[in-house]
Structure formats: structure tokens, C-alpha cells
Amino acid sequence: MKSGMMRSNLLLFIFPIVLAFVFLSSTVLSASDLILAKVDRRIDLTSQIVRITASLKVENAGSDVVSEILLSFPENQAKHLAYLKATLSEGKGKVKTSSGVGLPIEAIHPKDVPPALTIYSVSLPKGLGKGRSLTLDVLAVYTHILQPFPEKINQADIQLLLFQESAQYLSPYAVKAQSLTVKLPDARIESYSKLENAKLQGSELKYGPYENLPPFSFLPIVIHFENNQPFAVAKELVREIEISHWGNVQVTEHYDIIHAGAQSKGEFSRLDYQTKPYLRGASAFRHLVAKLPPRAHSVYYRDEIGNISTSSLWGDSKKTELEIEPRYPMFGGWKIAFTIGYGLPLQDFLFGLDGKRFLNITFGAPINELVIDNLFVKVVLPEGSKDISVSVPFPVKEWQETKISHLDIVGRPVVVLEKNNVVPEHNEHFQVYYKFNSLSMLREPLMLISGFFFLFVACIVYSHADISISKSSASYMAKLQWDEVQATIQQVHGIINRCLTAHDKLETSLHELSRTGDVQACKATRKSVDSSLKELSKELKQPLAFLQSSPQAAQILPKVEELVTKERELQEKLILKHTTAVEGYEKKLGGREIENRIASYQQKITALRREIDDLMDLIDEI
């Protein structure tokens, strides 16, 4: 079954190329005066990023001067191509001082070229004359081109990958001699295409040499090998670079990473992972290394939960390395999101030129061998920046937006750069140019000084100002009068309560009379209560007179007067009841007859007492 699937993958790879070769029998590309005298290719399969370097010795066998060299890529490679660079070199391993700058490259669409092939044109700085030769070094970097096989593995399994290529260099030019070397991550290899002149030496697989190859020669190969390197892919990375002219460049990077290797199947056992080394998962990774710029400071590493302490930082004058360890091991298909932040000295990255300032900083991510599917680089400039321009050494999408931060008035301009399929080779320096008036730096300090100044002035004014209500104002007088009314009502309330207490004494004396028959004691109590009630009646006259004369008491006065009236009526009924009862005992009447005589008074007393209680509750609420 495994060999069948490999053959199926190989046929899918071969068919478009063979079809393209049939179409390219036309003379559109193949009838060229250029010849590749020697081609040395090296394929690096030691990580998830595939790098193919080709050294092409190009000769002009025709009579016309040639100003461009064409490079061809099959469709299955072109769609994974992330980075392409061509430089001139002289001699083996001797690169010209100017070769660090890549030659201009653009995709072209010659006539009669099928979609299965993608053609790029490399423009030469100087035309290649008749009989002349040059050496062109080409670097092609691919992502997502290695296919896990099998696609799903258990925790204890190793990760095996398939890689498809051509042992012969696919070129629109004839090739006199060429060789291919494939560098593998380990000497262990499951299988490979055993062609003539194929040799496996340790972790290197060599094909060739092949000689006198016609244009568009193609010899497919498939390599099935072990690769347990971290397949860390950032589905999205947002880098925010904020410039402060007070001496700092703050970099904040938001990562959304997935393990893009063979998918993990089955259950994960933490116990096996920690106690059995052979079950830890060879393709899982526990840490990532970020190479930060030198003199990076205030470094932090956190996720949605909070700060992650499982990280290490070390550095010197040339570099700063941050080793970050996720909260859990990363197996195939697992995801993690986190944020890295750090500060950089402004003088190391901000410079001046022709009246403008420009930021010079690297574009890509600092994490080793990280593939980024979608990268956003946001450069936040100081408020008031103008005449903004950007210089990036490769094509990107660019637009501007605004960010509102503390003490901002109109907001800070933000330059946003977007690029897909980013690899470490894109981590080149780019520049953001802008104009900025140095006096604008004083805006925020002046705002702070002014704010504190006005705050202190307001505090001084407040502490010295008399904002109380005037004692001569109508509202103040009305408040005083109402306070007096309330106090008087409380006084009336207290007097009535004392009257009711005296009434209770009369009731108590009658109860004792019925129990002991002591008439004299009952009369003595009556005399004491009469004296108390007279004093309370005198006491009540003054507060009543005040309430009757006060306009503020107009609303509550009728209830107070009704209360006083009811109390006097209650007092009269109690005295009549008391007199009748005492007389009955003096005449030695029976208890039943005495109760009959005072029954009418008792009913009225009970009703009056209830009405008095209700009036007192109502006055309390008002």
C-alpha cells in the first residue's frame, strides 16, 4: 500500500512536467544561444524549509549579446516558492563584493508555455557577449513542499517525509554537465529513487554527473526520509514596531503557531511523555529560539493566561537569544498563541538623511526556521510625522492607518506591510522614511504640565472658595424653619407618649383594685396621674402655638391638632371609667355589675387608642 501511494504521488508529479515538455518542443525557449556548461545543485532537506542552491556556468555560444537568463520551475514547485535570489560569482566559492545584491528577477509568460511551467527572467547588469561566460548562483527557498508520509502518526512514531524532484536540471538551455547533492537531516532514509550514478554517503545522497542534456531534460526522483525537526508554522504573525523619540523602539510580536508536520493521532499521555524517552514524540518540539537584536531589553513572553516563566534569555554585545518554552509540547496539528515583546535603543535603528528620519530594521521574525503564512509588519510613527515612504527589498502590500494612544490628539500614523509565505531569508533590513518636527516632542510634556497646573489651580480655588448656602438666603431660612418644625413635632410626640404612659398607670391601678380591693391606693394613683396630666397639658401649649404660627407646619398641623384632641378625649373617657369603677367598689357592688357600668367607656377607650397610634405613625412618616 505504501509503495502504491508513492507511485501515485510520483505520477502526479511527473505528468504535468511531461505534458509541458511536449509543448516546449517549439523553438520559443529552446532555440537559445546560451549553454549551461556546468550545473552544480545542492538541496538542503535538514528542516521544514527546502533550500535549493544552483551554481550555473553560463556560456554564450551565439553571436548576439544576451541580457537575461531564464529559470524554469515546474508547477508543483512554483506554487511553494517563497524566495528566489540570483547573484553573480567568479570562481568556485569566490563571490564578488557586489554579488550580495540580488539581480532583478521577474516572472514572464512566453508564448506557448503551458501552465505546468513557470518562467523567471534574471536581468544581467551587463550583457553577455559572444564567447563569454559567467557563473550565476541561484537560491530557491520552498515552504510546505515536504509531504508527511504517513500523514498521521502516534506519539511514539518518528516523522517521515516525501520529497519529489528531478535528478536532471530542468532548464530551457542545453546542459553539458550537471550533478545533484541532497543533504538529509539524518543518515536514516526509508527509500529513494535508485537511478544510475546514484550514491548514498552518510546523510548525503548524490545523483550524477549527467552530461550533454538537451533543454528541459527531466528525470524524476522521490526521497522518503526521516525528519524530526520542528515544523513550526505561524499562520499569522503581527509585528508592531513603535518608535518613541524619547529613546526607545518597542517591538511587540503576536504569534499564532501550528505544528505543520505529520498529524498526531490517538491520545496524548503526559505520563509516558515524561517517564519514557522513546515515547516523547521525536517530531514534537518543546522550545523555540528567537535571535533578537543586540542590546534588546525589557523582554517578555506571555500568552492569554499571563506571563510564561519557562523561558531563558542570554546575550552579549553581538546578539541576544531568547529560548521560549510553550506550556505544553507541540505535536503535529497542535496550535499555540503567544506574544513576545522587547525594547531596542533608538540610536541603533533610527537615523537621519537629507532632512528626513528613517527607521532601519529587519522585516521578518526572529525565531529560527519559522515559516510565516501571513505576516503583518506595523510601524507606528510618532504623532505629527509626515511625508512617509517605505523601501522594502521585495514586493509587499502596503497601506496606512492611524493608532490612537495616550496623550494623542489626532493619532499616530501607522505603516502596515503585508507579505505571505515568509521565510528567514526575508529577514532583511527595510526602511521607513518620514519627516518629524523636533518641537512636536514637547507637545506631550506641555500637555502634562498644563494638566497638572490647572489641577493644582482648581484645588487652590476650591479650598479657598465658600460654596456653602448663604444664611440669608430663602432656601437656607426655609431649611431652618423646617428643622424647627421637625423638632417641635418630636416634642409634641414625646409629650403625647408621656400622656399615654399616665393613662396606662390609671389602667394598672384599676387592675390592682379589682385584685386587692384597695380603694385608697387607687385614689392615690388617680391623684398622681391627674397632677401629671395637668403639667403635660401646660407643656403642650407652647409647641402647639409654634406649629400654628409656622407656615412650614401647615401641612402637618391638622394631624397634630387631631392627635391632641383625640388624646384629651381619651383622657376624659379614662377618668370617667376610673371614677365609675371606684364608686362601685365603695358601694360594694359586685364585679359583674361594675364591669357592665364601665363597658361602654372601655369600647370607646379602645377605639380612641387605636386612632391615636395610627396618627402618631402617620406623623412619624411625614
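Residues numbered from 1 in each chain as written. Predicted model: local features only at pLDDT ≥ 70, side-chain atom pairs only at ≥ 80, totals over all residues. Heavy atoms only, no water.

As recorded in an unreviewed UniProt entry, the protein goes by the name Dolichyl-diphosphooligosaccharide--protein glycosyltransferase subunit 1, listed as coming from Sphenostylis stenocarpa. UniProt, in its Subunit (unreviewed entry) section for the protein, records the words "Component of the oligosaccharyltransferase (OST) complex." (UniProt positions renumbered as here; feature names shortened; annotations may be inferred.)

A. The overall build of the protein, seen in detail. Across its full length, the protein holds nine helices and 30 strands. Rg of the C-alpha trace for the protein: 50 Å, well past the compact-globule value of 25 Å for 622 residues, more than 25% over. Projected onto the principal axes, the alpha-carbon positions of the protein cover approximately 160 × 65 × 50 Å. Split into buried and exposed, the 622 residues of the protein put 43% on the buried side. Look at the contacts in the protein between residues 6 or more apart in sequence, and 77% of them connect residues 24 or more apart. For the protein, the computed accessible surface area is about 32,800 Å², with 53% contributed by carbon and sulfur atoms. Charge-centre separation for the protein: the mean point of 70 positive side chains lies 3 Å from the mean point of 71 negative side chains. (Helix = DSSP H or I, 4+ residues; strand = E, 2+ residues; numbered from the N terminus. Rg over C-alpha atoms; globule rule 2.2 N^0.38 Å. Buried < 20%, exposed > 50% of the residue type's maximum accessible area, 1.4 Å probe, protein only. Contact = heavy atoms within 4.5 Å. Areas by Shrake-Rupley, 256 points an atom, 1.4 Å probe, with all protein chains shown as cover. Lys, Arg positive; Asp, Glu negative; His and termini not counted. Charge placed at Lys NZ, Arg CZ, Asp CG, Glu CD.)

B. Structural view of the sheet that holds strand β22 (residues 320-324). As summarised here, the arrangement of the three strands in space is β19-β22-β21, forming an open sheet in which the pairing is antiparallel. At either end of the open sheet lies a strand with only one pairing partner, and these are β19 (288-292) and β21 (311-315). Recorded for the sheet is a direction-independent mean angle of 15° between the axes of neighbouring strands. Pairing between β21 and β22: five bridges, direction antiparallel. When the bridges of β22 are listed, W314 appears paired with E321. (Pairing = 2+ DSSP bridges. Axes fitted to C-alpha atoms, helices over the stretch in contact; angles between N-to-C directions.)

C. The environment of H144, seen in detail. On the secondary structure map, H144 appears in the loop between β7 (133-142) and β8 (147-148). You can call H144 partly exposed: its relative accessible area is 40%. As for H144 and K566, which are separated by 422 residues in sequence, their C-alpha atoms are 101 Å apart. Those residues in contact with H144 that sit more than four places away from it in its chain are H80, V233, V371 and D373. Only 2.9 Å separates the side chain of H144 from the side chain of D373, close enough to count as a polar contact. (Polar contact = N/O pair within 3.5 Å; in protein donor to acceptor, adjacent residues only side chain to side chain.)

D. Structural detail: the pairing of strand β16 (residues 232-244). Of the strand pairs in this sheet, β16 and strand β17 (residues 248-259) are connected by 12 bridges, and their pairing is antiparallel. Opposite E236, over in β17, you have D256 as the bridge partner. With antiparallel pairing between neighbouring strands as the criterion, β16 and β17 make up a hairpin whose turn holds three residues, including G247 at a positive phi of roughly 115°. Sheet analysis places β16 next to strand β26 (residues 371-380), joined by eight bridges and oriented parallel. Across the sheet, residue A234 finds its bridge partner in β26, namely I372.

E. Summary view of the packing of aromatic side chains. Considering all chains together, one arrives at 12 aromatic pairs under this definition. On the basis of an interplanar angle of 35° and a centroid distance of 5.7 Å, the ring pair of F351 and F358 is categorised as tilted. Residue class for F351 comes out partly exposed when judged on its relative accessible area of 35%. Taking relative accessible area as the criterion, F358 reaches 14% and is therefore assigned buried. Centre to centre, the rings of F376 and W399 are 6.5 Å apart; their planes meet at 75°, and the pair counts as edge-to-face. Taken together, the positions of F376 in strand β26 and W399 in strand β28 (residues 397-403) put the pair 23 residues apart, joining distant regions of the chain. Cluster of aromatic residues (ring-pair linked, three or more members): Y255, Y301 and F338. Seen from the ring of Y192, K194 lies directly overhead, with NZ or CZ sitting 4.4 Å from the centre. (Phe/Tyr/Trp six-rings, centres within 6.5 Å; stacked < 30°, edge-to-face > 60°. Lys NZ or Arg CZ within 6 Å of the ring centre and 35° of its normal.)

F. View of helix α8 (residues 557-586). The terminal C-alpha atoms of α8 lie 44 Å apart, and with 30 residues this matches the ideal 44 Å at 1.5 Å per residue to within 8%. Positive backbone phi, at 60°, marks K588, one or two positions downstream of α8. (Expected span 1.5 Å × (residues − 1).)

G. Geometry of a positive patch on the surface. Together, K534, K538, K541 and R568 give the surface a local cluster of positive charge. Sort the elements by how many residues they give to the positive patch and helix α7 (residues 519-549) lands first, with three residues. The residue K541 is located in helix α7 in this model. (Patch = residues over 30% accessible without salt bridge, like charges linked within 9 Å, V, L, I, M, F, W, Y side chains within 5 Å. Salt bridge = Lys/Arg side-chain N within 4 Å of Asp/Glu carboxyl O.)

H. Molecular detail of the UniProt feature "coiled-coil region" (unreviewed entry) in the protein. On the UniProt side, "coiled-coil region" (unreviewed entry) is annotated at positions that read residues 591-618 here. Across residues 591-618, helical content stands at 100% and strand content at 0%; the span's end C-alpha atoms are separated by 39 Å.

I. Looking closely at unusual backbone geometry. Between F149 and the following residue, P150, the backbone shows a cis peptide bond with an omega angle of 10°. Looking at the secondary structure, you find P150 in the loop between β8 and β9 (152-153). At F216, a position not held by glycine, the phi torsion is positive, near 60°. Position of F216 among the secondary structure elements: in the loop between β14 (204-213) and β15 (220-226). For F216, a relative accessible area of 3% puts it in the buried group. Even without being a glycine, E369 presents a positive backbone phi close to 50°. Structurally, E369 is set in the loop between β25 (356-362) and β26.

J. Focus on a negative patch on the surface. A surface patch of like charges, here negative, comprises D613, D614, D617, D620 and E621. When you line up the elements, D617 lands in helix α9 (residues 591-621).

K. Main features of the sheet that holds strand β1 (residues 34-44). Pairing is mixed in the open sheet, where seven strands are placed in the order β4-β7-β2-β1-β11-β14-β13. The open sheet is flanked by β4 (81-89) and β13 (198-201), the only strands paired with a single partner. Adjacent strand axes in the sheet meet at a mean angle of 15°, parallel and antiparallel pairs treated alike. Bridge count between β4 and β7: eight bridges; the pairing is antiparallel. Bridging from a neighbouring strand, L84 pairs with A140 of β7.

L. Quick peek at the environment of L513. Examined against the element boundaries, L513 turns out to sit in helix α6 (residues 474-516). For the pair formed by L513 and F394, sequence separation is 119 residues and the distance between their alpha carbons is 117 Å. If near-sequence neighbours (up to four positions away) are discounted, L513 is found in contact with D518, V519, C522, A581, V582 and Y585.

M. Fine view of the side chain of R51. Looking at where R51 falls in the secondary structure, it is placed in strand β2 (residues 50-60). Among the polar contacts listed, one links the side chain of R51 to the side chain of E369, at a separation of 3.1 Å. Reaching out from R51, the side chain makes a polar contact with the side chain of E425 at a distance of 2.5 Å. The residues touching R51, leaving out its near neighbours within four places in the chain, are R42, I43, D44, L139, A140, V141, E369, P424 and E425.

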